[in-house]
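Observations on chain architecture
Here is what each chain is made of, one letter per residue.
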Amino acid sequence: MRHLMAVPQSVTVRSARQFANSLSDQFEAESNIDLDLSDLTEVDLAFVEILYAARMQWKRAGRELRLARPAEGALVALLERAGFLTDLTPQDLEFWFHGELPQ
Amino acid sequence: MNTQDPVAAFRVEAGDLLDQIEQGLLDLGHRLEDRALIDEVFRGLHTLKGSGAMFGFDALAEFTHHCETAFDRVRKGLAPATQELVAVILSARDHMRALIEGDGAGLESAGAAILAQLQAAIDAAGGAEAAPVAAPASSGSAGPATAARGWRLFFRLPAEAMANGTNPLMLLDELRDLGACRITARTDTIPALADLVPTECHIGWDIELRGDISRDDIDDVFIFVMDDMELTVEPLEAEPSEDVGQALQSSDTMSDIPATVPEGPAVATSAKPGPATGPASAAKSGESVRVPAERLDELMDRVGELVIVQSRLSQLASGHGSAVGNELALRSISEEIERLAGELRDTMMVLRMVPVASLFSRFRRLVHDLARETGKTITLSTEGETTEVDKTMIERLADPMVHLIRNACDHGLETPEDRRAAGKPEAGQVHLSAHQAGGEVLITIRDDGRGIDRERVRAKAEAQGLIQPGQPISDHDLLQMIFHPGFSTAAQVTNLSGRGVGMDVVKRTIESLRGAIDITSAPGEGSTVVLRIPLTLAIIDGLLVRVGEGRYVIPLGAVEECLELSLEEDLRSRGRSFITLRDRLVPFLRLREIFETGTRPDPHQKIVVIATGSERVGLVVDQIIGSHQTVIKSMSPLHRDVATFAGATILGDGGVALILDVAQLVMLGQNQEERLRAAG
């Protein structure tokens, strides 16, 4: 069963706890998750870190966590600025960009 | 201040930082070679820039960045610190304050002018090698080369860094500013979601930094987080930098991804708790006071005791026990509450007390600016800065003291040439001191200038009709003339002083604080002004009296003595209203008549003799009820113009007593005396 989870407009260190709790609730519900980032416009490193932590947890459980659409806009700018796109692993490339770097 | 409002908290912190920067610059003005001071000022600017950006004060962050860039040259020894540079950065510091208090609108041209002055100061100090002050933040600058190829770094911030307001992206940006940079985020220590504290930062960064960059440059980036973070720095080995080239190429393939995103609206604002708001909500910092934790602990102890006593009272009210036992217990509780109320009041008063150092430190800048404007060499010394005064008092003393210090610097101190000719050291001295004497604090402003010119004061007083030509007058009274409205002996009006406004305002302000001002002066040796002010404005010891049906409080500090006024003496003195007190005639006022009580005089009326300075007046009251701890409440706006009263207080029975304004009543008594003398 796949579940589409809408990510709020802003996930920063101030709202990180709330977002992490929402994700944990989804994990408890034993769902495979597609994250809908279409509303996300304000983001910082706390969001990226939560997604790395969540990916690990979903992977260990043999379930799937992915983005509904490839990352774009502010999130890509953040990933670039923070050095997440240097030496991008195939797994990260798949997760963030669905296997294809934006041109 | 709402403690939950991070922008308001930033304004308070930024105000403190600006004060530190100012003090550092003023010290630097005296010790231009002092490396520790240069570092201190730099750190202040650096922190202000970083936290300003974090809290949405973009104009502040940008302006401060330029100043920091300029000052960095001084720190790196590329340009010397000069008086001119110090003066310009002091102006820049004032501009930063304006940017913090407002939204920066309308300040652009002023900021640009200061940056132009800063550029000129740096050019003058650093010669042709000076770097442009207003270079873009991302242009990068390399310090002295100490590792020709560059450095390999790894860093990880303390876990709570982000929650505490540190933005790792800003650190990465600063590293990018130093040179070609290859940044790789390390995610291997991020725990699974179930184990993650979402506000903690577990990301590490590997960085290759290429260029002539000194180790100091790198340390500077981490200067405020260095103590708790994980940081390794090692020189790059001698292999060619192909990997950096590859990295740059790989970035090129993502041409639609911004290379850096500080200006991007979504990310750039991501760490900002809220936008910098306009002037309406600005600058509430003056309304907060920092209190040492132990004083709060003390207050908590008292409150704890009060809760226990309240519990005992509740038990008693529940009605168990014998009547006699209850009465004894009630009396004990009453005494306990009386003690606690007194202690709570004292503890609370102490919370409002701040060291007078916070007042004195403001004047260092004033004297610095005055010295520049007048071309005089002025040394400011202070003493007794730890003396504590009520916070409200500090705020209200600032303006009068500015007047007095301006007068001392502008009129009192001579030019260096005149001082040399008079056999004095070239540098004029202005000395501020504070000490507590009983319930008062004495603040002294002393200069070693030329002193007050008595002849000129007399001539001016005669010209204004304040005294008759040739009229004998004591030295003390002559000096008091300078407090008359419109009185100025300055031959030349300057933008600092000499307009005849000031000293009368100073006197009125000090008296409105229930204080007094004394002045002494010795020709050729200087002048001394002493301000005597009460420790607090909130609570006074008062003498509670009855006049007709009403009760009034006379500030106890002004009461000299109390006398009986018999009915016979009252009748005998009608039309004169003077009593003889130790061979001196003292006028008295019948408060019953002034207040138009419409009641008959009490057969045992009393005269309460009050004084300000050497002036005395007696107040006739019907009854002296006793001493009373008076919590002063302001008069309502409707009654604010009633000059005879300084405020009101609520009595134990819930009634209201008006507090008499001693200075006004003494003046009223003196006027009455003059009228009677004139009438013969």
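Nothing here was measured: the structure is a model prediction, and the numbers come from that model.

Most often, soluble globular proteins have nonpolar side chains that are buried together. Counting residues in each nonpolar core, the largest one holds 67 residues, and the members touching the most others are A:L23, A:W96 and B:W205. Of the residues forming this core, the biggest block, 10 residues, is contributed by helix α2 (residues 45–60) of chain A. B:L397, B:A461, B:I467 and B:L531 belong to the second-largest nonpolar core, a separate cluster that totals 47 residues.

Next up on the list: the environment of B:G24. Residues and elements named next belong to chain B. Within the secondary structure, G24 is located in helix α1 (residues 6–30). Sequence separation between G24 and G44 is 20 residues, and the spatial gap between their C-alpha atoms is 9.1 Å. In contact with G24, other than residues within four places in its own chain, are L37, E40 and V41.

Glancing now at a nonpolar patch on the surface. Residues and elements named next belong to chain B. A contiguous nonpolar surface patch, about 290 Å² in accessible area, is contributed by L306, L313, L330 and I337. Secondary-structure elements contributing two or more residues to the nonpolar patch are α10 (293–317) and α11 (323–351). Here L313 lies in helix α10.

With that settled, consider unusual backbone geometry. Residues and elements named next belong to chain B. Phi is positive for R582, which is not a glycine, with a value near 45°. Relative to the assigned elements, R582 resides in the loop between β15 (578–581) and β16 (584–590). Of the residues examined, R582 reaches a relative accessible area of 59% and is grouped as exposed.

Residue and element names in this part refer to chain B. On average, chain B scores 79 in pLDDT, and the residues at 70 or more come to 84%. Per-residue pLDDT, averaged within each element of chain B, yields its smallest value for helix α9 (residues 265–268) (31) and its largest for strand β3 (residues 204–210) (93). With pLDDT under 50 throughout, residues 491–501 is counted as low confidence; its partners more than four residues away or in other chains account for 24 contacts. Listed scores for the predicted complex are pTM 0.53 and ipTM 0.95.

Here we take up the pairing of β16(B). Residue and element names in this part refer to chain B. For β16, a buried count of five out of seven residues is recorded, marking the element as mostly surrounded by other parts of the structure. Pairing geometry for β15 and β16, over four bridges, is antiparallel. Opposite L581, over in β16, you have R584 as the bridge partner. Turn length for the β15-β16 hairpin, with the two strands adjacent in sequence and antiparallel, is two residues, and the turn residue R582 shows positive phi of about 45°. Sheet analysis places β16 next to strand β18 (residues 615–621), joined by three bridges and oriented parallel. Each bridged residue has a counterpart across the sheet, and for L589 the counterpart in β18 is L619.

Turning to the packing of helix α2 (residues 35–54) of chain B against helix α3 (residues 58–75) of chain B, a few remarks are in order. Residue and element names in this part refer to chain B. Running from N to C, α2 and α3 point in directions that differ by 155°, and their axes come no closer than 8 Å. One way to sum up the angle between α2 and α3 is to call them roughly antiparallel. Along this stretch, α2 crosses α3, giving a crossing that reads as left-handed. The segment α2 lies against α3, with R35, I38, D39, V41, F42, L45, H46, L48, K49, G52 and A53 engaging D58, L60, A61, T64, H65, C67, E68, F71, D72, V74 and R75. Counted by class, the contact of α2 with α3 contains 11 nonpolar, four polar and seven charged residues.

Moving on, we come to the packing of α2(A) against helix α3 (residues 74–81) of chain A. Residue and element names in this part refer to chain A. For the pair α2 and α3, the least separation of the axes is 10 Å and the interaxial angle reads 85°. Looking at the two axes, α2 sits roughly perpendicular to α3. Seen from α2, the contacting residues are L45, F47 and V48; seen from α3, they are L75, L78 and L79. Tallied by class, the residues present in the contact of α2 with α3 amount to six nonpolar, no polar and no charged.

The rules behind these values
Residues numbered from 1 in each chain as written. Chains lettered and ligands numbered in written order. Predicted model: local features only at pLDDT ≥ 70, side-chain atom pairs only at ≥ 80, totals over all residues. Heavy atoms only, no water. Core = buried A, V, L, I, M, F, W, Y, C linked by side-chain atoms within 4.5 Å. Buried < 20%, exposed > 50% of the residue type's maximum accessible area, 1.4 Å probe, protein only. Helix = DSSP H or I, 4+ residues; strand = E, 2+ residues; numbered from the N terminus. Contact = heavy atoms within 4.5 Å. Patch = residues over 30% accessible without salt bridge, like charges linked within 9 Å, V, L, I, M, F, W, Y side chains within 5 Å. Areas by Shrake-Rupley, 256 points an atom, 1.4 Å probe, with all protein chains shown as cover. Salt bridge = Lys/Arg side-chain N within 4 Å of Asp/Glu carboxyl O. pLDDT = per-residue confidence, 0-100. Pairing = 2+ DSSP bridges. Axes fitted to C-alpha atoms, helices over the stretch in contact; angles between N-to-C directions. Parallel < 35°, antiparallel > 145°, perpendicular 65-115°, else oblique. Left-handed = near helix turned anticlockwise from the far one by under 90°. Nonpolar A, V, L, I, M, F, W, Y, C, P; charged D, E, K, R; others polar.

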